[in-house]
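Examination of the molecular architecture
This is what each chain is made of:
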Amino acid sequence: MRKSCRCCGGGELAEVFDLGVQPFANGFLTPEQLDKPEPRSPLVLMECVACGMVQLRHVTPAVDLFAEYAFQTGSSTRMVRHFRSLLLESIGRYVPRGKLVVEIGSNDGAALASIPDDRRCRRLGIDPAANLTEIARRSGVPTVTAFFTEELAGQVATIHGEASLIVACNVVAHIDDLDDFCRGVRRLLKHDGAFVMEVPDVDTLLARTAFDTIYHEHLSYFSVGPLATLFARHGLRVEAVEWNEVHGGSLRLTVRHGTGHSGDVSRWRDWRGIVRDWNGFAARCERERDELCEWLDDARADGGTVVGYGAPAKATVRLNYCGIGTDRLACVVDSTPSKQGRLMPGTHQPIYGPEWIDRSKPSDVLVLAWNHEREIVGKLAGYGGRVASVVRPRRGLRKLDM
Ligand code: TYD
Ligand code: ZN
């Protein structure tokens, strides 16, 4: 349980949103596990009264979530392209020949592997998931299987030297002890190096009613002000802030040794305090839930069968929050081999490969992985039924022409 703010240390945390007691979003079940009780834990968001940082009240131990991890960067070409361009741009700016690039949360090594040899830098991945670091090493990316801590940073610096560039994309929100993390970055980063990180932006989450991106792995929901406060406490300076569309709206921060912060930070919208409309957010979440359930009930009343497309973590959250069992949604398809043959956490839809759609010809496909909507609609060119998005399904993504 969090008693104080992870960014500023403030002791007053106000409860702002409650998603109920939920299963783990990436806890896809094997058929044998169906008979055993499923782990569940509350999902309650708290906001720091002093700095506006948003964080989960209950902290799930990291080893329970990350020792084996289902999400694989290499499975999404769009993601690999995005991280590759981030790496190449940052290497061009900060990494002289032969110097070290470290990726924290390097997953299957796909991003580091995509650096062309002519950049002549040394690469090192760090990730706690043994199943993924094994894949990374097999593809030729030197990788340490461990959580990134101050102690590990010291060991890495001793063995490999300090890093000219450290990148961390979509991992900082997973870390409970951010003070230890920052001390680690400070220890490993060369005096003229740069730390580049990307995290989902909480204010975009609110604006887009993306409640399905709230789950146990995401301990923190960041905005610029609290992060600048955090780094400043550790002798690190936020130099640049950018926003991009990845994962439904992300912040990219460039951080270097130093004090104070750049004009980018003071210009950012939450720096002088932002009042977030959590009541409006909760009302919109309930409306989305009601609309989706009605749409599914109508499809069933018409004698149709609906299949979900994509089994990302956010599908688990939405199906469980909306109370959508196998009566309303028969099954889910996903292209990830390790998810096929398993069942959705909590709601227990079986997960098949996408070819199931051609074989079984359901009346409707409901896109659960809404951030990949275009790619998925493209793959359904040969399918004759209706396609809808889990966000506002009545609008329809493609109508049946008959
Ligand atoms: P993603 O949104 O990348 O991750 P998260 O779990 O963090 O929300 O997950 C997308 C999921 O959708 C992933 O399990 C793969 C699946 N998928 C398909 O099955 N087919 C596709 O064409 C695409 C783009 C994704
Ligand atoms: Zn705070």
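Located above this text is the structure these notes cover.
Everything in this summary refers to the structure shown in the same document.

Definitions and cut-offs
- Residues numbered from 1 in each chain as written.
- Chains lettered and ligands numbered in written order.
- Predicted model: local features only at pLDDT ≥ 70, side-chain atom pairs only at ≥ 80, totals over all residues.
- Heavy atoms only, no water.
- Near = heavy atom within 4 Å.
- Polar contact = N/O pair within 3.5 Å; in protein donor to acceptor, adjacent residues only side chain to side chain.
- Areas by Shrake-Rupley, 256 points an atom, 1.4 Å probe, with all protein chains shown as cover.
- Helix = DSSP H or I, 4+ residues; strand = E, 2+ residues; numbered from the N terminus.
- Nonpolar A, V, L, I, M, F, W, Y, C, P; charged D, E, K, R; others polar.
- Pairing = 2+ DSSP bridges.
- Donors = N, O, S within 2.8 Å, 3.2 Å for Na, K, Ca; no water.
- Phe/Tyr/Trp six-rings, centres within 6.5 Å; stacked < 30°, edge-to-face > 60°.
- Buried < 20%, exposed > 50% of the residue type's maximum accessible area, 1.4 Å probe, protein only.
- Lys NZ or Arg CZ within 6 Å of the ring centre and 35° of its normal.
- Axes fitted to C-alpha atoms, helices over the stretch in contact; angles between N-to-C directions.
- Contact = heavy atoms within 4.5 Å.
- Parallel < 35°, antiparallel > 145°, perpendicular 65-115°, else oblique.
- Left-handed = near helix turned anticlockwise from the far one by under 90°.

Before going further, it helps to spend a moment on the site of ligand 1. Lining the immediate environment of ligand 1, one finds 17 residues, of which Lys314, Asp334, Ser335, Lys339 and Lys379 sit closest. A distance of 2.8 Å separates an oxygen atom of ligand 1 from a polar atom in the backbone of Ser335. Taking Thr336, its side chain carries an N or O atom lying 3.4 Å from an oxygen atom of ligand 1. Relative to its free-state accessible area of 570 Å², ligand 1 is covered by the protein chains to the extent of 92%. Among the elements of the structure, helix H11 (313–322) and helix H13 (373–379) are those that each provide at least two residues to the shell around ligand 1. Looking at the shell around ligand 1 residue by residue, the class counts come to seven nonpolar, five polar and five charged.

Further remarks concern the pairing of strand S10 (residues 236–244). For S10 and strand S11 (residues 250–257), the ladder comprises eight bridges, and the chain directions are antiparallel. Among the inter-strand pairings, Asn244 is bridged to a residue of S11, identified as Ser250. As consecutive antiparallel partners, S10 and S11 are separated by five residues, and within that stretch His247 has a phi angle of approximately 55 degrees, a positive value.

Another aspect to go through is the coordination of the zinc ion (ligand 2). Only Cys5 (SG), Cys8 (SG), Cys48 (SG) and Cys51 (SG) from the protein coordinate the zinc ion (ligand 2), and they sit 2.3 to 2.4 Å from it. Spacing between the donor residues of the zinc ion (ligand 2) along their common chain follows C-x2-C-x39-C-x2-C. One end of the pair, Cys8, is in the segment before strand S1 (13–23); the other, Cys48, is in strand S2 (residues 40–48), with 40 residues separating them in the sequence.

What follows concerns the packing of aromatic side chains. On inspection of all chains with the given rule, the structure shows seven aromatic pairs. A ring pair is formed by Phe17 and Phe281, whose centres lie 4.9 Å apart and whose planes are at 65 degrees; its orientation type is edge-to-face. Within this pair, whereas Phe17 is found in strand S1, its partner Phe281 is found in helix H10 (residues 278–301), the two being separated by 264 residues in sequence. In terms of burial, Phe17 and Phe281 fall into one category: buried. Considering the side-chain rings of Tyr352 and Trp356, the 5.6 Å spacing of their centres and the 15 degrees angle between planes classify their relative orientation as stacked. Owing to a relative accessible area of 15%, Trp356 belongs among the buried residues under this scheme. Every member of this aromatic cluster is reached through a ring pair, and the members are Phe148, Phe181, Phe195 and Phe231. Residue placement shows Lys314 over the ring face of Trp370; its charged tip is 5.6 Å from the ring centre.

Turning our eyes to something else, we now look at the sheet that holds strand S5 (residues 122–127). Read from one edge of the open sheet, seven strands run S6-S5-S4-S7-S8-S11-S10, paired in mixed fashion. The open sheet has two free edges, formed respectively by strand S6 (143–145) and S10, since each of these has just one partner strand. When strand polarity is set aside, the average angle formed by the axes of neighbouring strands in this sheet is 15 degrees. The strands touched by helix H4 (residues 130–138) are S5 and S6; relative to S6, the strand with the most contacts, the crossing angle is about 160 degrees.

Looking now at unusual backbone geometry. Backbone geometry follows two general trends: most residues other than glycine have a negative phi, and most peptide bonds adopt the trans configuration. In this structure, Asn170 is a non-glycine residue whose phi angle is positive, near 55 degrees. Take Asn170: it is sitting in the loop between strand S7 (163–169) and helix H6 (178–188).

Time to look at helix H8 (residues 224–232). Across the nine residues of H8, seven count as buried, placing the element largely inside the fold. Regarding H8, the residues found buried are Val224, Gly225, Pro226, Leu227, Ala228, Leu230 and Phe231. Elements that come into contact with the buried residues of H8 comprise H6, strand S8 (189–200), S10, S11 and helix H9 (263–267).

This brings us to the sheet that holds S1. Ordered in space as S1-S2-S3-S9, the four strands form an open sheet in which the pairing is antiparallel. Because the sheet does not close on itself, it has two edges, and the strands there are S1 and strand S9 (220–221). Both S1 and S2 contribute to a ladder of nine bridges, which runs antiparallel. Counted as the bridge partner of Asp18 is Val44 from S2. H11 rests against S1 and S2 of the sheet, and its axis sits at about 90 degrees to S1.

For the rest of this paragraph, the subject is the packing of H10 against H11. In the contact formed by H10 and H11, the axes pass within 10 Å of each other and the chain directions differ by 80 degrees. With respect to their mutual orientation, H10 and H11 come out roughly perpendicular. In contact with Cys285, Glu286, Glu288, Arg289, Leu292 and Cys293 of H10, H11 contributes Arg318, Tyr321 and Cys322. Residue composition of the contact of H10 with H11, grouped by class: five nonpolar, no polar and four charged.

Position of Ser106 among the secondary structure elements: in the loop between strand S4 (100–104) and helix H3 (110–113). Given a relative accessible area of 3%, Ser106 falls into the buried group. If we ignore the near neighbours within four places in the chain, the residues touching Ser106 are Leu112, Gly125, Ile126, Asp127 and Thr143.

The packing of two helices is summarised by the inter-axis angle and the distance between the axes. Running from N to C, helix H5 (residues 150–160) and H6 point in directions that differ by 10 degrees, and their axes come no closer than 8 Å. Comparing their axes, H6 and H5 come out roughly parallel. H5 and H6 meet at a crossing whose hand is right-handed. In contact with Glu150, Ala153, Gly154, Val156, Ala157 and Thr158 of H5, H6 contributes Asp180, Arg183, Gly184, Arg187 and Leu188. Across the contact of H5 with H6, the residue classes tally to four nonpolar, three polar and four charged.

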